[in-house]
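In case you want the letters, here they are:
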Amino acid sequence: MPGRGDSRYRFCLHGAAILSTKPHNGEDVFNTLQEIYDKRSGAAHGSNASADEKIAIDSRRLLAKAIHTIVDLIQDKKLNFSQVNGKIAKAVERYVRFKVTSCSQ
């Protein structure tokens with residue numbers, strides 16, 4: 001995740017914005033991403049937490065869906081790379097800001 005601040009929050013927020021297909025499932029996606037991030041963080045920092053096969057399966061499924069959605073957004077010209085030097089993470093960050101600000105109007 002680009003920039004400073006809480007990577008966990010940005011990972012979950014940006015992921016939910018990309019992966020939520022219906023207005024009512026955004027919070028579920030956000031919560032699942034929190035769980036995935038926490039497991040990853042625990043493993044990276046030496047936690048003795050046991051491996052969770054469901055989390056591994058969910059992670060791979062959501063990664064595949066995120067890649068598919070990002071490709072669709074690129075094809076639909078909803079992700080703009082011209083102002084972010086071709087960086088996908090920055091383009092997604094701008095997409096999230098646009099999505100949030102356009103919903104409030």
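Asks: Please give an account of the pattern of salt bridges that cites residues and values.
Replies: Within the structure shown, the criterion is met by five salt bridges. Where Lys90 meets Glu93, a salt bridge forms, and the shortest distance between an N and an O atom there is 3.6 Å. In this pair, Lys90 and Glu93 are both assigned in helix 4 (residues 88–103), three residues apart and thus about one turn of the helix distant. Assessed through its relative accessible area of 18%, Glu93 is described here as buried. Ionic contacts of the salt-bridge type, sharing partners, join the residues Lys54, Asp58 and Arg61 into one network.

Asks: If you had to explain the packing of aromatic side chains to someone new, which residues and values would you point to?
Replies: Enumeration over the complete set of coordinates arrives at two aromatic pairs. Taken together, a centroid distance of 6.1 Å and an interplanar angle of 65 degrees make the contact between Tyr9 and Phe30 edge-to-face. Taken together, the residues span a long stretch of sequence, with Tyr9 in helix 1 (residues 7–19) and Phe30 in helix 2 (residues 26–44) at a distance of 21 residues. The exposure class assigned to Phe30 is buried, which follows from its relative accessible area of 18%. Between Phe11 and Tyr37, the aromatic rings sit 5.5 Å apart at their centres with planes inclined by 45 degrees, giving tilted as the arrangement. Separated by 26 residues along the polypeptide, Phe11 in helix 1 and Tyr37 in helix 2 bring together distant segments of the chain. For Phe11, a relative accessible area of 26% corresponds to the partly exposed category. Taking relative accessible area as the criterion, Tyr37 reaches 17% and is therefore assigned buried. Sitting over the face of the ring of Tyr37, Arg40 holds its NZ or CZ atom 4.8 Å from the ring centroid.

Thresholds applied
Residues numbered from 1 in each chain as written. Predicted model: local features only at pLDDT ≥ 70, side-chain atom pairs only at ≥ 80, totals over all residues. Heavy atoms only, no water. Salt bridge = Lys/Arg side-chain N within 4 Å of Asp/Glu carboxyl O. Helix = DSSP H or I, 4+ residues; strand = E, 2+ residues; numbered from the N terminus. Buried < 20%, exposed > 50% of the residue type's maximum accessible area, 1.4 Å probe, protein only. Phe/Tyr/Trp six-rings, centres within 6.5 Å; stacked < 30°, edge-to-face > 60°. Lys NZ or Arg CZ within 6 Å of the ring centre and 35° of its normal.

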